[in-house]
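Chain and residue survey
This is what each chain is made of:
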Amino acid sequence: MSVRPVASFLRATPGRLALGALLGLLLFAAETVWLLKAGVVGVDIPLDGPYAALAAAVRPLLPGVILRVAAVYVVAGGLLGLAAAVLASAWTRRGGWVALAAMVPHWLALLLFWAWDRALARPALFDDLPAVRPALAWLVDHGEPWQARAAAGAWVAVHLGVLGVRGARALRRLGASGGPEARRAERVAWAVVVGVVVAVAVAVTVRRAGPAARQPLVVLIGIDAFRPDRLGATGHHGVAPHVERFLQDATLFTQAYTPVAQTEPAWRSLLTARWPFRTGVRYPLTPDARLVLAPTFAQRFAEAGWRTVFATDCSRFHFEGPASGFATRWQPPRGALNFALEKLRYRALGLFADNAVGAAWVPEFIDNRALAGIHDPLGYARRLSAGLLAEAGEGPLLFAFHATAAHFPGDPVYPFYRRYVSASEPLERRLRMHFAPVTPGAKGAWNREGAEGLYDELLAQADAQVGTLLDALRASGRYDDALIVLMSDHGESFHADRPDLAGATSVHGARLGDEENRILLAVKLPGSRGVSPTRVDALARLVDVGPTLLELSGLGSLPEADGTSLGALLRGEARPLAPLYAETGYTHVSPEVFDPGHWPGAPRTFDAYRLRPDGVVEMGEEAGEAVLREKDTGAFDGQRWVVDRPQADGSVHRTCLGDCAGPDARALADWLDDTRERAPESASRRVAGHVDDRNDSRPPGNVRPPQRLLRVWPGQPEGAAHPQPRGG
């Protein structure tokens with residue numbers, strides 16, 4: 001090969017790029033046709049009923065999104081075309097149409113090798129394609145990353161070997177001739193060598209650049225749905241090794257609880273340190289009009305000059321707006337567009353764009369948990385770690401991250417999908433969560449072991465994300481001097497007390513108790529504090545986290561907070577008992593399933609929601625009122641649960657679980673009555689036998705008649721309680 005053929009190849013480069021881009025565009029067109037046939041919401045498909053508003057909101061936004069997706073296919077296809085042209089040149093010395101024809105199969109081969117690698121890494125990318133399911137099943141059972149890479153490497157090596165032999169022969173011929181072409185080739189070779197050396201030197205210099213002056217750093221990491229019984233030798237050992245390692249440096253609160261076991265209301269209570277009925281956010285997709293504006297601990301940090309950042313990879317049912325107090329928020333789009341993106345499964349985005357460039361160009365796809373298979377949770381964690389360190393170098397930083405791997409759609413990636421679910425289970429059960437309504441008397445379609453196994457695999461995946469952030473802090477030298485809180489917003493119930501629901505879709509927010517309300521909570525103080533890691537068995541609440549961060553950072557407290565700082569417990573001191581107020585949320589499970597006779601007034605259909613003109617999906621006003629009336633409310637003091645359940649006949653059924661004898665149990669019941677007096681919907685509750693006695697124009701079925709309070713205590717038969725004052 002002489003300099004002339006190389007120059008000829010360079011002149012032909014635009015043609016190679018154009019052909020590769022055309023192939024990428026054809027791939028985009030094929031996927032678009034597939035999506036249209038599958039019936040994508042909002043993509044020029046006639047829709048009737050409640051979905052019409054969703055489609056109308058999405059259609060104006062889609063052209064811009066789809067054009068950016070098409071650009072990814074064009075650019076990636078062009079670059080792939082250049083690589084294919086280089087490899088194809090090993091087998092032909094002719095140009096023109098012959099070279100272009102040889103390039104096409106090489107382009108397809110590179111694409112297949114790439115898809116092979118990604119199918120092993122994230123099998124949910126292809127799990128709904130029947131034609132590839134047999135091959136995908138083999139990969140899930142037996143595939144290893146080295147296989148695809150070794151095959152691709154060997155294939156490329158053969159091509160490069162042929163090119164190398166041809167190039168060596170050409171150089172020998174040039175050397176023998178000693179002409180100007182030889183000298184020109186030598187200069188080109190030296191230029192390439194110098195360029196590589198300079199590039200490596202620059203990369204090493206940039207990587208070794210020293211960190212800026214140390215600034216205060218507070219990191220709050222939440223793991224969605226993490227049950228603390230997954231920790232330790234007595235739990236599911238091995239599920240969360242990175243969390244276990246962190247606990248060696250932290251104080252673990254073994255009795256920590258959330259006031260509501262659903263993410264959006266739990267985080268609002270976390271931010272404001274207030275009970276859910278005081279925040280206005282009491283179920284997912286709460287309308288902004290119901291939000292009670294109140295100071296948040298993030299706002300306090302911002303007012304003190306700190307940088308404040310919130311990040312999450314899922315915003316379908318939890319979106320933080322300006323009221324959160326975080327000045328910077330990294331999260332997928334909110335509302336109708338996000339729900340539509342879940343249907344826009346442009347699979348090649350999972351091949352071409354699962355990187356930093358793709359995340360910058362199409363973040364709503366790449367950094368969005370809703371896009372099963374396209375979203376790379378571990379790559380996302382690496383990019384997030386880089387963002388954390390960059391922000392930490394700019395000044396005092398409060399950084400909060402909510403990891404959602406264990407939430408729907410729940411698609412485990414390599415190597416987690418092999419750990420806990422039996423290989424004998426159907427492939428669709430192993431690769432993604434499947435939702436099925438839970439109704440009275442209905443049995444689950446799976447088994448509890450399989451459902452919990454998939455949950456454990458997803459927790460292990462979230463743990464790996466957390467480990468990536470913590471390892472980045474360690475590598476940068478910021479781990480020891482950082483204040484780090486690791487928590488979960490709620491647990492998860494697999495209906496352990498209901499054999500008839502074994503394997504049914506799990507739930508959180510449906511019942512009050514340890515399975516759903518007990519959370520992970522651990523605090524690592526900066527090394528300069530000199531406090532040794534320990535375990536604290538005193539009751540802690542999610543609403544205590546904000547006041548704790550503010551006290552430990554020397555900032556002002558939140559006004560009218562229900563939470564109090566855990567600082568005394570961290571110092572080994574005692575603090576007065578602070579009970580937990582708790583309430584259920586709004587789930588796919590009707591409360592009648594667990595409590596026959598429970599008032600089931602809240603609708604569980606798409607009609608419960610409304611779409612704002614800006615595309616935000618919210619729960620409708622009437623449905624929201626029904627949810628509030630349907631809620632169980634209760635209190636917990638570490639020894640017992642006192643729970644009130646509204647019944648269909650208008651009564652309220654009070655039960656106690658745990659140590660329910662003696663004055664402490666009575667005191668907790670009185671505390672619940674007094675606390676609930678502050679709830680807006682309880683403004684008319686003055687006597688236990690008279691509840692919801694306001695005039696109301698809502699239709700029948702959404703209004704309960706005057707109620708009787710039924711109390712169930714050990715040794716006391718059920719019956720109407722005597723009317724008595726409910727606090728001051």
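Structure report, in brief. Just so it is clear, the model here is predicted, and its values are computed rather than measured.

Turning to the nonpolar core, a few remarks are in order. Ranked by internal contacts, the top residues of the largest apolar core, which has 51 residues, are Tyr73, Tyr346, Leu349, Phe352 and Phe365. Sorting elements by how many residues they give to this core places helix α4 (residues 62-88) first, with 11 residues. Residue contacts for Tyr73: discarding those within four places in its chain leaves Gly24, Leu27, Phe28, Glu31, Tyr346, Arg347, Ala348, Leu349 and Phe352. Core analysis: the next-biggest nonpolar cluster, separate from the first, contains 47 residues, Phe399, Ala403, Val466 and Leu470 among them.

This part is about the pairing of strand β5 (residues 397-403). The buried count for β5 comes to seven of seven residues, which makes it a mostly enclosed element. The alternating pattern of β5 places Leu397, Phe399, Phe401 and Ala403 on one face and Leu398, Ala400 and His402 on the opposite face, and all of these are buried. Sheet topology places strand β1 (residues 217-223) next to β5; seven bridges connect them, and they run parallel. Considered in β5, the bridge of Val218 is made with Leu398.

Most of helix α10 (residues 263-272) sits out of view: 10 of its 10 residues are buried. Those residues of α10 that fall on the buried side of the exposure criterion are Thr263, Glu264, Pro265, Ala266, Trp267, Arg268, Ser269, Leu270, Leu271 and Thr272. Two residues or fewer after α10 comes Ala273, characterised by a positive phi angle close to 60 degrees.

The next subject is the packing of helix α17 (residues 377-392) against helix α19 (residues 448-476). At a closest axis distance of 9 Å, the pairing of α17 and α19 adopts a crossing angle of 30 degrees. Considered as vectors, α17 and α19 are oriented roughly parallel to each other. Crossing of α17 against α19: the hand is right-handed. Touching Pro377, Leu378, Tyr380, Ala381, Arg382, Leu384, Ser385, Leu388 and Leu389 of α17 are Gln461, Ala464, Gln465, Thr468, Leu469, Ala472, Leu473 and Ser476, all from α19. A breakdown of the residues in the contact of α17 with α19 according to their chemical character gives 11 nonpolar, five polar and one charged.

In protein chemistry, a disulfide is the covalent bond that joins the sulfur atoms of two cysteines. Evaluation of the coordinates by the stated rule reveals one disulfide. Residue Cys656 pairs covalently with Cys660 via a disulfide, S to S 1.9 Å. Taking the torsion about the sulfur-sulfur bond, which here is approximately -95 degrees, the covalent link between Cys656 and Cys660 counts as left-handed.

For the bond running from Phe408 to Pro409, omega is 15 degrees, close enough to zero to count as cis. With respect to the secondary-structure elements, Pro409 resides in the loop between β5 and α18 (427-431). Positive phi, normally seen in glycine, also occurs at Glu560, with a value near 55 degrees. Take Glu560: it is sitting in the loop between α21 (545-552) and α22 (567-570). Since its relative accessible area comes to 60%, Glu560 is described here as exposed.

About the thresholds
- Residues numbered from 1 in each chain as written.
- Predicted model: local features only at pLDDT ≥ 70, side-chain atom pairs only at ≥ 80, totals over all residues.
- Heavy atoms only, no water.
- Core = buried A, V, L, I, M, F, W, Y, C linked by side-chain atoms within 4.5 Å.
- Buried < 20%, exposed > 50% of the residue type's maximum accessible area, 1.4 Å probe, protein only.
- Helix = DSSP H or I, 4+ residues; strand = E, 2+ residues; numbered from the N terminus.
- Contact = heavy atoms within 4.5 Å.
- Pairing = 2+ DSSP bridges.
- Axes fitted to C-alpha atoms, helices over the stretch in contact; angles between N-to-C directions.
- Parallel < 35°, antiparallel > 145°, perpendicular 65-115°, else oblique.
- Left-handed = near helix turned anticlockwise from the far one by under 90°.
- Nonpolar A, V, L, I, M, F, W, Y, C, P; charged D, E, K, R; others polar.
- Disulfide = S-S within 2.5 Å.

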